[in-house]
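What the coordinates show
For reference, the chains in residue letters:
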Amino acid sequence: MINNDNHGHGQTKHHEHHHSHDHKDHQNQVKDGKVNAHNHSSHGDHEKSGHEGHENHNHHDHHNHDNHNHHSHHDHGNMVNDFKKRFYISLIVTIPILVLSPMIQSFIGVNWQFANDQYILFALSTFVFFYGGWPFITGGISELKDKNPGMMTLIGLAILVAYGYSSLTVFGWEGSDFFWELATLIDIMLLGHWLEMRSVMGASNALEELVKLMPSEAHKLDENDEVQEVSVSDLKNNDRILVKPGEKIPVDGMILDGKSAIDESMLTGESVPVEKNKGDEVIGGSVNKEGSLTIQVEKTGEDSYLSQVINLVKEAQQSKSRTQDITNKAAKWLFYLALVSGFATLFIWLMLGFSFDVALERMVTVMVITCPHALGLAAPLVIAVSTSISAKQGLLIRNRANFEGARNLNAVVFDKTGTLTKGKFGVTDIVPSEGYEIETVLTWAASLEQNSEHPIASGIVREAKNKHIKLKKIAEFDSITGKGIEGMIDDRKINVVSPGYVNDNNMKYDQDAFNIMSAEGKTVVFVLLDDKLIGMIALADIVRDTAKEAVAGLKEKGIQSIMLTGDNEKVAQWVAKQLDIDEVYAEVLPNEKSDQVKKIKDKGWKVAMTGDGVNDAPALATADLGIAIGAGTDVAMELPMLYLLRVTQKT
């Protein structure tokens, strides 16, 4: 038994041709200079956690991706817990503040005053101001630095004025304190922020998810071909590494020895695993399906293909304009209103002849009142409720402003592999030779394929299981280099082979049927029984039923559907025809995907992009609305600054 089942299953000639020149260019995509994949630019300030930017928490610079100590995944969780803790502690301290406040006492008609009680009140309020109010003060400062006052600045102004003035009254200034107002305002705003942040929990960093696709260790071969386990960061150009079946390829390189089918669908969108032999290029992050490979390292770290994709995503994110939601715009105008009306109050009361003490108290009152408790709570509650309703429907919303803008969409761009299609092979046609039944062809083929890991094999076996066909026992099993597999079942020789094998042996088959299936981009294999052709099986990436409904639904609403894929033209056109999509761009590299989205946006259209792989990440970040399909990968799901939609699929 040979178990490195090296399938030479038939990619049509077009496939092989398409790969040979394409993948060489992958690494040369981003011409402009070096890429820094690991120094993730920190988005915003740690405390700048207002209504404006939960996506922007500082994910600290990671110069060190190999240790995989990505603590920033916990950053957002820590911030949520931080707000929760600040809220509860401030709330507890607020109770004695309310009890000690003269104004509250007069409201309820009691007098619990005692000697030096205002100093205790001052001490407790100082704690709440600095502990509970700190995120708002620092948030306000960073908003002012950006010359863009919003919610944080408004809250900051109100608590600062209330605290400053009330402190003066404790130490002899004529007037009454606002400590209770200060404490309750801080409590409510902390509660609002905690609720809001909890509802958009999960905002972590896509760039890190991309980095995580790379294995952290590699099997390096020394001069004596002994294997050493080394960290990927220690690999240098021209080092030799061993990649075993089922492992991820750690770096971009060239195959020195061995051959295998390599799954690059995550990186390039190509649905069929690519057969690679000695001398072919491989991309770091792709998955080695079958054979063992010895690879010579060609590109490490920042020159690698994945790093360039990471850089594209980073650029797309940075070039995004900072969208503000309604509460922030309201807060901005309320901030200006508070300043103007506060000073106007001061001057008017002074002009009316009142003392400065009285005028100042009126001014402080106006400034504090302008920051409404309700604004801090209403928006987060709406967000929390709408987010939880969406989550029940399988939608995770990352950026609400973009989500709200979805009602103005003109076009939706779909990635093909894994989004419109299931991303795994299924049997589309079985063409039996004369005198044979469809079931016979499938039984023999599936019985032989049951030991193979190849995606084509899985597709054939799955089809047999769906039809409740009982598989036969295999006696022998072998792979024919680059041609297919053969075995002995019930003392009969059975082969499943590529078109190349059939042509080399001058076997007769239905050329017309074969050409039609090939033209649709399907992968066709031939089934031989005792060296006699008994039929052909065509496989393709199966189109999702839900995709048909989605495209039809968008058409009714007058929204244009566009397909953008790294897969080859024939496959793309076949899928588009089934789904009734008119506009198709095929064989598009990842950086070209984002350029294509830009072109559509340049028409003045609002564009949503939906995809599921690394190769879609730059385009998802560029579109007005990025929709990542959860069945694919954590990467797309982790794109920050994206409203993130996760379709929960029945697979």
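Structure report, in brief. As the structure is a prediction and not an experimental result, all values here were calculated from the model. (Residues numbered from 1 in each chain as written. Predicted model: local features only at pLDDT ≥ 70, side-chain atom pairs only at ≥ 80, totals over all residues. Heavy atoms only, no water.)

On to the packing of helix α10 (residues 326-351) against helix α11 (residues 356-369), then. Two elements in contact, α10 and α11, have axes separated by 8 Å at closest approach and are oriented at 160°. Considered as vectors, α10 and α11 are oriented roughly antiparallel to each other. When the axes of α10 and α11 are compared, the crossing they make is right-handed. Here Ala338, Leu339, Ser341, Gly342, Phe343, Thr345, Leu346, Trp349 and Leu350 of α10 lie close against α11, whose contacting residues are Phe356, Val358, Ala359, Leu360, Arg362, Met363, Val366 and Met367. Grouping the amino acids of the contact of α10 with α11 by side-chain chemistry returns 13 nonpolar, three polar and one charged. (Axes fitted to C-alpha atoms, helices over the stretch in contact; angles between N-to-C directions. Helix = DSSP H or I, 4+ residues; strand = E, 2+ residues; numbered from the N terminus. Parallel < 35°, antiparallel > 145°, perpendicular 65-115°, else oblique. Left-handed = near helix turned anticlockwise from the far one by under 90°. Contact = heavy atoms within 4.5 Å. Nonpolar A, V, L, I, M, F, W, Y, C, P; charged D, E, K, R; others polar.)

Within the largest apolar cluster, 47 residues are counted, with the highest numbers of intra-cluster contacts made by Phe136, Ile159, Phe179 and Leu182. Elements that contribute at least two residues to this core include exactly α2 (72-100), α4 (117-145), α5 (151-170), α6 (179-199), α10 and α11. Sort the elements by how many residues they give to this core and α5 lands first, with 12 residues. Beyond its immediate sequence surroundings of up to four residues, Ile159 is in contact with Phe129, Gly133, Phe136, Ile137, Leu182, Leu185 and Ile186. (Core = buried A, V, L, I, M, F, W, Y, C linked by side-chain atoms within 4.5 Å. Buried < 20%, exposed > 50% of the residue type's maximum accessible area, 1.4 Å probe, protein only.)

An order of β11-β16-β15-β14-β13-β12 is seen for the six strands of this open sheet, with the pairing classed as antiparallel. The open sheet has two free edges, formed respectively by β11 (421-432) and β12 (474-480), since each of these has just one partner strand. Each neighbouring strand pair of the sheet contributes to a mean axis angle of 20°, computed without reference to strand direction. Two strands pair when backbone bridges link them, and strand β13 (residues 484-489) and strand β14 (residues 492-497) are joined in this way by six bridges, in the antiparallel orientation. When the bridges of β14 are listed, Ile485 appears paired with Val496. (Pairing = 2+ DSSP bridges.)

Pairing between the strands of a sheet comes from backbone hydrogen bonds, and it takes one of two forms, parallel or antiparallel. Spatially, β6-β5-β8 is the arrangement adopted by the three strands of the open sheet, whose pairing is antiparallel. Each of the sheet's edge strands pairs with one partner strand only, and the pair in question is β6 (274-276) and β8 (287-288).

This part is about the packing of aromatic side chains. Taken as a whole and judged by the stated rule, the model has 20 aromatic pairs. Considering the side-chain rings of Phe87 and Tyr88, the 5.1 Å spacing of their centres and the 55° angle between planes classify their relative orientation as tilted. Taking relative accessible area as the criterion, Phe87 reaches 9% and is therefore assigned buried. Judged by relative accessible area, which is 41%, Tyr88 ranks as partly exposed. (Phe/Tyr/Trp six-rings, centres within 6.5 Å; stacked < 30°, edge-to-face > 60°.)

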